[in-house]
Each structure stands twice: as structure tokens, then as C-alpha cells.
Amino acid sequence: MIQNVSVIGAGTMGNGIAHVFAQHGFKVQLIDVSQAQLDKAIATIGKNLARQVQKGSITETIQANALASISTNTSIAEGVAGADLVVEAATENTALKLEIFKQADAAAPAAAILASNTSSISITKIAAATKRPEKVIGMHFMNPVPVMQLVEIINGYATSADVTDSIQALSVRLGKTPCVVNDYPGFIANRILMPMINEAIYSLYEGVAGVLEIDTVMKLGMAHPMGPLQLADFIGLDVCLSILLVLHNGFGNPKYAPCPLLVNMVAAGKLGIKTGEGFYVYTAGSKDLVVSPRFRK
Ligand code: CAA
């Protein structure tokens, strides 16, 4: 039975994943090379748990227990030593992930499952960097992790059926709905989401419609909670570009070629919410969407 979970990477996804495990009674080791990042993650988890208490979706006891069950560590070897499950949620960089998996494989107990929250890097490739490829699997959470219902579970070439079953059951214990898919570029979530976002950017680039029009059509016409351009800003334009490149390289099909406007915006450092500007500009504390001056008519 999985009870001790080590989460590697304390960024947006890592802190959300640690939050959800802690909220559901697991013991969590949150690991990052940066102590400052770990401190920031704990503060974010505290704030998000407090918001859930305020909304009445969890009790104060759950909040207190969750916070008490998270420890932090700056060493992978120490942080995974007692793990039943390791969930890697580091930056989307293949070389970095392969290195993290090598270290986690060397230090985690032999029975531990090693999962990656990667949004598009091959699970089969990651598994091949370890001596336990049958125990390596994709566990792809969606942002914001405490809110989104889905866990996309990705079977690598060598993942065993027992490991898949156990991660499916675990996702249900977290109050999520798991969907099992196979390891091909972009899996399912991003194979479908990213071409839609890319097409929205092409529509803007070609002058078919403005930012607000494109997002309003998809929000009101298709009942999406965010329009595709707002969602791209939320995900990060650099992340969108890197996933599109995985699709483009992986399938060798020109239909996945990233829109030149997306490429330019990433080169200009306009990455969306995290840099304060993408298709919209973001003012701290404001929920109003203001279209970036570059796209105003
Ligand atoms: N932690 C805990 N609760 C949170 C939260 C967080 N980080 N962020 C939001 N919430 C809660 C709020 O408290 C609120 O709760 P109630 O419904 O109980 O009131 C609820 O979520 C909605 O939040 P808000 O009222 O602040 O804002 P909203 O109604 O505009 O919803 C949103 C925000 C949930 C982000 C919504 O806009 C949404 O669903 N957007 C689409 C998100 C999406 O598509 N995510 C997937 C991105 S792709 C990805 O992650 C994977 C990849 O590989 C790229």
C-alpha cells in the first residue's frame, strides 16, 4: 500500500501534487535543489489549503494534518530513501529528467514506483534510464492540481500491469479520475490540446479575429472555462512551444509545426502569466483580462 510519497520539484505542479497527496493523508517529502523554492511552495500550499477551508471544501483538521505531513529536502537521495512512490515534477527538460530518474532509481527502495508528471517527454525513454523500467509510469496531473479532476496515466513500453493498476487505484484515493493511455508523443491531453491552442494562435496571426473574439468563441461556444489564448498564457507559452516541438519531431508531420507568432513571443520572453504578459497583460491582484497592447486593434 502506497503511503510515503516523494515529490521531486517544488514548482507549480510539484506543490500542487504535494498538496493533494498531503490532503488525502499521505506522508510527503517535497524535494527541490532550492531551499527558497521549497519555502515558497510550502507557503503556496498553506494559502491554497486555507482557501479550501474558507470555501468549506476541507476542515481545519485536514488543513493542519496536511501541512504537518509535508517535509522538505534538498537532496534527492535522502528525500526518496523511504518512498513507496516517487513523483517527479521537475522542469520539462529531457536531460534533467533522465538525471533525476537515475538518482531516484539508485536511492529509492527496490519496490518503489517511479512516476513522472511530464506533459510530453517519453516515459519509455525516462524508464530506460533506470534499472526498473517496469516500475516507471507517467502520472500527469493538470494545473491547478487541487482543482482538476484528471490524472492522465501513461504506460511506458515496459510498464507492468500491476504498476498501472496500483497508480489507477491511487489516483482514485486522491479523489481524481484516472485515464490510462499509451506512450506516444503528447499522450492524449497534449496531442489534442496543443494543436487547438496552436490553431488559435494561427487564427490571431492570420488576422481572422482578435484575442478576445477567439477566446470568447471557445468559452461561450464550446463551454471551455478559459479560451485557448488565455489557457496558453496560463500554461506558459514556452511550455506550449516545447510540447508542439515534441509533437512535430515525434510524428514528423507538418500539421504540428508551431505558429511563427508563438515562436516569436517565446523568443521575446512574453511567456504568459509567469512573465506578466502573453496574449494578455497581468496586473497583480486583478482578475480582469487586458489584451496585450501588441494585439489591440
Ligand atoms: N488550489 C486550490 N483551489 C483552487 C486553486 C488552487 N491552486 N485554484 C483555484 N482553486 C479553486 C477556487 O478556490 C475555486 O473553488 P470553488 O469552485 O469551490 O469556489 C475554484 O477553484 C475556481 O477558482 P476561481 O473562482 O478562482 O476561478 P475560476 O472559476 O476562473 O476557475 C480555473 C479557475 C479552475 C483555473 C478555471 O479557469 C479552469 O478550469 N481553467 C482551465 C484549466 C485547465 O485547462 N487546466 C489544464 C491546463 S493543461 C495542463 O495542466 C497540462 C499540460 O500538460 C499543459
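Source: prediction; values computed, not measured.

Cut-offs applied
Residues numbered from 1 in each chain as written. Predicted model: local features only at pLDDT ≥ 70, side-chain atom pairs only at ≥ 80, totals over all residues. Heavy atoms only, no water. Core = buried A, V, L, I, M, F, W, Y, C linked by side-chain atoms within 4.5 Å. Buried < 20%, exposed > 50% of the residue type's maximum accessible area, 1.4 Å probe, protein only. Contact = heavy atoms within 4.5 Å. Near = heavy atom within 4 Å. Polar contact = N/O pair within 3.5 Å; in protein donor to acceptor, adjacent residues only side chain to side chain. Areas by Shrake-Rupley, 256 points an atom, 1.4 Å probe, with all protein chains shown as cover. Helix = DSSP H or I, 4+ residues; strand = E, 2+ residues; numbered from the N terminus. Nonpolar A, V, L, I, M, F, W, Y, C, P; charged D, E, K, R; others polar. Domains from an automatic or database assignment. Pairing = 2+ DSSP bridges. Axes fitted to C-alpha atoms, helices over the stretch in contact; angles between N-to-C directions. Buried area = accessible area lost by both parts, 1.4 Å probe. 1 Å grid on protein atoms, 1.4 Å probe; cavity = no way out; pocket = protein on both sides within 12 Å on 5 of 7 lines; lining within 4 Å. Points joined across faces, edges and corners; volume = space filled by probe spheres on them. Left-handed = near helix turned anticlockwise from the far one by under 90°. Right-handed = clockwise from strand over helix to strand, strands pointing away.

### A closer look at the nonpolar core
Alright, step 1. Among the nonpolar cores identified, the biggest contains 36 residues, and F21, L30, L85, M139, F141 and I167 are the most heavily contacted of them.
Alright, step 2. Here F21 is in contact with V5, F26, V28, L85, V87, M139, F141, L170 and L174, once residues within four sequence places are set aside.
Alright, step 3. Ranked by size, the runner-up nonpolar core spans 25 residues in total, among them M194, I197, L244 and V291.

### Examining the site of the ligand
Alright, step 1. The local shell around the ligand holds 18 residues, among which R51, K55, H140, N143 and N190 are the closest.
Alright, step 2. Taking N48, its side chain carries an N or O atom lying 3.4 Å from a nitrogen atom of the ligand.
Alright, step 3. In the environment of the ligand, a nitrogen atom lies 3.0 Å from a nitrogen or oxygen atom belonging to the side chain of R51.
Alright, step 4. Relative to its unbound accessible surface of 1,100 Å², the ligand loses 68% to contact with the protein.
Alright, step 5. Those elements giving two or more residues to the shell around the ligand turn out to be helix 2 (35–55), helix 8 (189–205) and helix 10 (228–235).
Alright, step 6. The residue makeup of the shell around the ligand, split by class, is 10 nonpolar, 5 polar and 3 charged.
Alright, step 7. The residues that make up the shell around the ligand include at least three from each of domain 1 (4–182) and domain 2 (190–295).

### Structural notes on the sheet that holds strand 7 (residues 150–155)
Alright, step 1. Read across the sheet, 8 strands follow the order 3-2-1-4-5-6-7-8 without closing on themselves; strand pairing throughout is mixed. Strands at the two margins of the open sheet, each flanked by one partner only, are strand 3 (70–73) and strand 8 (177–182). Adjacent strand axes in the sheet meet at a mean angle of 25 degrees, parallel and antiparallel pairs treated alike.
Alright, step 2. Relative to strand 6 (residues 136–141), strand 5 (residues 113–116) is paired through 3 bridges, and the arrangement is parallel. Along strand 6, the bridge assignment pairs A115 with I137.

### Re the domain arrangement of the chain
Alright, step 1. Per the domain assignment, the segments of the chain are domain 1 (4–182) and domain 2 (190–295).
Alright, step 2. Summarising the inter-unit geometry, the C-alpha centres of domain 1 and domain 2 are found 27 Å apart.
Alright, step 3. Listed by partner, the interface residues are 5 residues for domain 1 and 4 residues for domain 2.
Alright, step 4. Counting each side, the surface lost to burial between domain 1 and domain 2 is near 440 Å², with a carbon and sulfur contribution of 54%.

### With respect to the layout of surface pockets
Alright, step 1. Approximately 210 Å³ is the volume attributed to the second largest pocket.
Alright, step 2. Lining the second largest pocket are 14 residues, with S120, I121, S122, K125 and V246 sitting closest to its centre.
Alright, step 3. When its residues are assigned to classes, the lining of the second largest pocket shows 5 nonpolar, 6 polar and 3 charged.

### Examining the packing of helix 8 against helix 10
Alright, step 1. With their axes 9 Å apart at the nearest point, helix 8 and helix 10 run at an angle of 115 degrees to one another. In this structure, the crossing between helix 8 and helix 10 has a hand that is left-handed. Residues L193, M194, M196, I197, A200, I201 and L204 of helix 8 lie in contact with helix 10, whose contacting residues are P228, L229, L231, A232 and I235.

### What about the pairing of strand 4 (residues 85–88)?
Each regular strand displays side chains that alternate between the two surfaces of the sheet.
Alright, step 1. Side chains L85 and V87 project from strand 4 onto one buried face, and the interleaved V86 and E88 project onto a second face that is buried too.
Alright, step 2. Bridge analysis of strand 1 (residues 4–8) against strand 4 gives 4 bridges, and the strand direction is parallel. Counted as the bridge partner of S6 is V86 from strand 4.
Alright, step 3. Note: strand 4 against strand 5, 4 bridges, orientation parallel. Residue pairing across strands places V87 opposite A115, the latter belonging to strand 5.
Alright, step 4. The β-α-β motif built from strand 4, the intervening helix 5 (residues 94–107) and the parallel element strand 5 has right-handed crossover chirality.

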